[in-house]
Each structure stands twice: as C-alpha cells, then as structure tokens.
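Listed below, chain by chain, are the residues.
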Amino acid sequence: MTTTVNTVGAAAGPAAGSTGSAGSTGRAGSANRAGSAGSAVSFQQVTKAYGEVLAVDGLTLDLHPGETVALLGPNGAGKSSTLDLLLGLRRPDSGTVRVFGTTPRDAIAAGRVGAMLQSGGLMGEVTVRELVRLACELHPRPYRVSDVLAAADITRIADRKVDKLSGGQEQRVRFALATAGASDLIVLDEPTTGMDVTARQAFWATMRDQADRGRAVLFATHYLEEADAVADRVLVLHRGRLLADGTAAEIKARAGARKVAFDLLDADAGSASRHSPEQRLRELPFLTELTVSRGGAGAGPGHTVRLQSTDADATVHALYGLGLHPRNLEVAGLGLEQAFVAITAAEEARTA
Ligand SMILES: Nc1ncnc2c1ncn2[C@@H]1O[C@H](COP(=O)(O)OP(=O)(O)OP(=O)(O)O)[C@@H](O)[C@H]1O
C-alpha cells in the first residue's frame, strides 16, 4: 500500500488529521452535485495517474450508510490510491469525490470520517492511553477514552509506550484511533494484518456493530475469506477500474466457474488408452484448471482429480464420454478467493 499519511499525530503528508481528528467543526453543508443524494461516498468518473501509471481509471461508485464494503484487488490495483482520494490525501486528476455530499476534507473536519491506515508510524514516546486521549480530544464527536480502549480491547496495554507494542497490538491501537469518535464512515486499509484469530474475530464483531448503528464501513483487504464473511458488498478493482461490484454471492456467481472433484481408479480409467489420465482429462470442455495427483478411492490405486470448469454439467457429461468413470464426484461453487482469481485472470487475458 502506498498511503503516505499517518493516523494521529505522527509525520503527516498533505492532509494531517485525516482520521477525523481535525479540530475544526466545519460543516458538511454544500450540495452533493456529483453523487447520489444520501450517499456516504460518491466517486464520479475519478481518475488519478502517477506519471505514466494510471492508478485509478474512471472510477464511479456510491457507498451508502450502514453498508460494510470490501475493496479487493491484486497488488497495484489502485486500492490505496482510491482510499487516498476518498480521504482527501490526494486530489483526482479528473472527476469528483464527495463524502457525505461535501469534499473529503470538509467531511473529515466535521468528524464524519475515521480512518485506519496501514502505513506511517504512530507516535512512539507516548502511552497508548495518551495517544487515544489525544484522538478523542481532537474528534468533534468524541467517545470516552475508557470506552474506546475497551472497544479496541487495549485497556490492558493502555499504560504501555506505543513503540513497545507488538504488530497486532499496534493494529488495535490504530483501530482505536479510527473509532475515537462517532464517525459516520470508517475507512480501513488492511485492518487485520498482524492480528491473531481472536483479535480478528473481536475486530469484525466491533465493525459489524458499527455498521448496525448505520455507519458505512469500507475496508481494503487481501484476506478474501474476511471479505466473504463480513462484507455486504464487494468491490473488485483491477488496474484502477471497477471489475465487479456486488454481494460476495453475486461475485462468486459471476465468476461462473465451478469446482469438480473426483477419484479415478486405474481400473476404471480405460487401460486401452495410450494416454495418461491427465492427458485425457485435458480434452474435457470448459476446463479452466486441472490438478491430478496420485491417490485413489481406497478401492485400489488411482488418481485424485480436481478441476474447475465454466460449465460443470457439460464437463462431467464429457467425462463419461471419454470412457472415464469418476468416483466420489463432487461439484461445488467457487469460494470468493477462487472467484476473485478467475475474474481478475479473465480480465488479464482479455486486456493482454
Ligand atoms: N506515489 C506514487 N508514485 C508513483 N506510482 C504510484 C504511487 N502510488 C501508487 N503508485 C502506483 O499506482 C498503482 C496503484 O497503486 P496502489 O498502491 O493504489 O495499489 P494497491 O491496490 O493498494 O496495491 P497493494 O495491494 O499492492 O497495496 C500501482 O501501479 C503503483 O505502483
């Protein structure tokens, strides 16, 4: 991730205080000319280039209050750049970004946005409690320090110096800073990196609670299983463009492909053929992936086959047509991770 601006206090880039910690109480009053009325976030044809690199390419999207939205994409897809634009840390080359109908900076100044960014050091020489207190003091609509510490599960380490924390503890502190006040939009850049399983579960429970209270939550992540479990809506970015936008179920369905697994006993594989089972399986129609490993079904030597197909019915039908007799046949939909790989790989192939 390339975000250059810190959360509270440490060296800042173009818009220090981007965590909703700016002292101003400026109103988010101007009309939302560009986006849909009532949107938490509205991007209209937003483009951002760094020299030759088009990081964000004509992005149009609206996020709504109460939505938990995952932003996915391979390395360099433009996730951090999108979050930077949303937080007013960078200006678009063209297009408009509106947050609650106003500029990102005004929305932040009004305390409507809390952000947990990945990069940038936290102040080290202060205790956790002091840092959280500072964030609360700076927030126009602060929560009580003790409540913020408790919600982030860092009460036990509140008197520790920030530069003595583990990676996972530091993440929790960043989370506390992002939720120091009643922000209406919470922006999280790879929030659970470095957290253990328990911390992750507690973190997402807290985030769900925030969304239930009507807040919009937007998080960039590489953990697709988290996106699948937590997000109401999934955005897939690829080379700065929005490749898919829908529920996790819709994204999986859109990927089209399904997984097929079965065992192929040597005795059932048609010994008359000169070709190996793998060579013969490669003839199957609609195949997008094939793995054949030596295994068997317990009823004799053979192979375990896993494949992906864009038309599982036709592929399975053709299996029998090849004279193969699969055992323990299973057909299942793709997980979000596999769907993501299929969608982005198809786009790579299309634009190659
Ligand atoms: N300050 C910069 N100067 C030049 N190029 C940049 C800059 N920041 C980002 N880029 C480029 O813009 C593209 C998008 O980068 P960005 O960091 O937004 O992607 P990302 O989806 O967050 O990636 P990752 O998952 O690897 O963190 C990449 O090609 C990156 O190299």
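Residues numbered from 1 in each chain as written. Predicted model: local features only at pLDDT ≥ 70, side-chain atom pairs only at ≥ 80, totals over all residues. Heavy atoms only, no water.

**Looking at the overall build of the protein chain**
Right, on to step 1. The helix and strand inventory of the protein chain stands at eleven helices and 13 strands.
Right, on to step 2. Scored against the burial criterion, the 352 residues of the protein chain give a buried share of 50%.
Right, on to step 3. Looking at the protein chain alone, contacts between residues at least 24 apart form 72% of all its contacts between residues at least 6 apart.
Right, on to step 4. For the protein chain, the exposed area adds up to about 15,400 Å²; of that, 50% sits on carbon and sulfur atoms. (Helix = DSSP H or I, 4+ residues; strand = E, 2+ residues; numbered from the N terminus. Buried < 20%, exposed > 50% of the residue type's maximum accessible area, 1.4 Å probe, protein only. Contact = heavy atoms within 4.5 Å. Areas by Shrake-Rupley, 256 points an atom, 1.4 Å probe, with all protein chains shown as cover.)

**Quick word on a nonpolar patch on the surface**
Right, on to step 1. Taken together, the side chains of Tyr-320, Leu-329 and Val-331 make up a nonpolar region of the molecular surface, amounting to roughly 250 Å² of accessible area.
Right, on to step 2. Mapped onto the fold, Leu-329 is located in strand 13 (residues 327-333).
Right, on to step 3. Relative accessible area serves as the criterion here: at 35%, Leu-329 is assigned to the partly exposed category. (Patch = residues over 30% accessible without salt bridge, like charges linked within 9 Å, V, L, I, M, F, W, Y side chains within 5 Å. Salt bridge = Lys/Arg side-chain N within 4 Å of Asp/Glu carboxyl O.)

**Section: unusual backbone geometry**
Right, on to step 1. Look at Gln-45: it is not a glycine, yet its phi comes out positive at around 50°.
Right, on to step 2. Turning to its location among the elements, Gln-45 is positioned in strand 1 (residues 41-50).

**What to know about the confidence of the model for the protein chain**
Right, on to step 1. Averaged over every residue, the pLDDT of the protein chain is 82; the share at 70 or more is 85%.
Right, on to step 2. Element-level mean pLDDT values for the protein chain span from 81 in helix 11 (residues 336-351) up to 97 in strand 4 (residues 94-99).
Right, on to step 3. Per-residue pLDDT stays below 50 along residues 1-35; that stretch engages in 104 contacts with residues further than four places along the chain or on separate chains. (pLDDT = per-residue confidence, 0-100.)

**Comments concerning the packing of helix 3 (residues 128-138) against helix 5 (residues 167-178)**
Right, on to step 1. In the contact formed by helix 3 and helix 5, the axes pass within 9 Å of each other and the chain directions differ by 25°. The angle between helix 3 and helix 5 places the two elements in the roughly parallel class. Along this stretch, helix 3 crosses helix 5, giving a crossing that reads as right-handed. Contacts between helix 3 and helix 5 involve Val-128, Leu-131, Val-132 and Ala-135 from the first element and Val-173, Ala-176 and Leu-177 from the second.
Right, on to step 2. Along the lines of polarity and charge, the residues of the contact of helix 3 with helix 5 split into seven nonpolar, no polar and no charged. (Axes fitted to C-alpha atoms, helices over the stretch in contact; angles between N-to-C directions. Parallel < 35°, antiparallel > 145°, perpendicular 65-115°, else oblique. Left-handed = near helix turned anticlockwise from the far one by under 90°. Nonpolar A, V, L, I, M, F, W, Y, C, P; charged D, E, K, R; others polar.)

**Comments concerning the sheet that holds strand 8 (residues 233-238)**
Right, on to step 1. Judged by pairing direction, the sheet is mixed, and its six strands sit side by side in the order 5-6-7-3-8-9 without closing on themselves. Two strands in the sheet have a free side with no partner beyond their single neighbour: strand 5 (113-116) and strand 9 (241-246). When the angles between neighbouring strand axes are averaged without regard to direction, this sheet yields 15°.
Right, on to step 2. Pairing between strand 6 (residues 185-189) and strand 7 (residues 216-220): five bridges, direction parallel. (Pairing = 2+ DSSP bridges.)

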